[in-house]
Amino acid sequence: MSKLGVSYTERDQCPVYTTIMVIEGRWKPMIFRRLGEGALGFGELRRTMPGVTIKVLRQQLRQLEAQGVVTRSLEQRPTLRVEYQLTPHGRTLGPVFDSLWAWGVVHLARLHHTRVNPRKI
């Protein structure tokens with residue numbers, strides 16, 4: 001086996017890398033945040049995220065569904081309605097996102113401070 005193969009095996013078994021692979025994506029953190037507040041239909045979800053295309057939103061929802069963190073259900077109303085919500089397993093990502101949010105707030109403040117007060121080299 002080549003060293004490249006070993007590094008891929010190691011990466012694929014890394015819990016941190018696995019977590020990143022589940023939540024990576026331009027819109028996944030926003031999808032998670034909105035579904036954390038409750039179930040939403042596809043159109044409702046899209047309206048809360050201006051800028052995301054239908055294709056990309058559908059793609060990212062499918063990826064989250066395949067990972068077992070989002071569930072998709074069909075409701076028979078006067079018209080067919082597709083609804084998405086976090087699974088119980090998906091809700092366990094809440095503390096992960098809370099930690100990432102807290103770190104991001106500190107990091108953004110640090111970047112802002114660095115821009116306002118550049119160090120003299």
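Definitions and cut-offs
Residues numbered from 1 in each chain as written. Predicted model: local features only at pLDDT ≥ 70, side-chain atom pairs only at ≥ 80, totals over all residues. Heavy atoms only, no water. Pairing = 2+ DSSP bridges. Helix = DSSP H or I, 4+ residues; strand = E, 2+ residues; numbered from the N terminus. Phe/Tyr/Trp six-rings, centres within 6.5 Å; stacked < 30°, edge-to-face > 60°. Buried < 20%, exposed > 50% of the residue type's maximum accessible area, 1.4 Å probe, protein only. 1 Å grid on protein atoms, 1.4 Å probe; cavity = no way out; pocket = protein on both sides within 12 Å on 5 of 7 lines; lining within 4 Å. Points joined across faces, edges and corners; volume = space filled by probe spheres on them. Nonpolar A, V, L, I, M, F, W, Y, C, P; charged D, E, K, R; others polar.

Novice: Help me get a handle on the pairing of strand E3 (residues 80-86), residues and values and all.
Specialist: Note: strand E1 (residues 40-41) against E3, 2 bridges, orientation antiparallel. Paired with Gly 41 across the bridge in E3 is Glu 83. Bridge count between strand E2 (residues 70-76) and E3: 7 bridges; the pairing is antiparallel. The residue of E3 that forms the bridge with Arg 72 is Tyr 84. Hairpin remark: E2 followed by E3, antiparallel, with 3 residues in the connecting loop.

Novice: Got a sec to walk through the packing of aromatic side chains? Specific residues and values, please.
Specialist: Scanning all chains against the criterion turns up 2 aromatic pairs. With centroids separated by 4.4 Å and ring planes inclined at 20°, the aromatic side chains of Phe 32 and Phe 97 adopt a geometry described as stacked. With a gap of 65 residues between them, Phe 32 in helix H3 (residues 28-36) and Phe 97 in helix H7 (residues 94-116) connect regions that are remote in the sequence. A single burial state applies to Phe 32 and to Phe 97, both of which are buried.

Novice: Give a detailed account of the layout of surface pockets, specifying residues and quantitative values.
Specialist: In this structure, the largest pocket spans a volume of roughly 250 Å³. As for the largest pocket, its lining consists of Ile 23, Pro 29, Phe 32, Arg 33, Gly 94, Phe 97, Asp 98, Leu 100 and Trp 101. Every element with two or more residues in the lining of the largest pocket is listed here: H3 and H7. Of the residues forming the lining of the largest pocket, the biggest block, 5 residues, is contributed by H7. By residue class, the composition of the lining of the largest pocket is 6 nonpolar, 1 polar and 2 charged.

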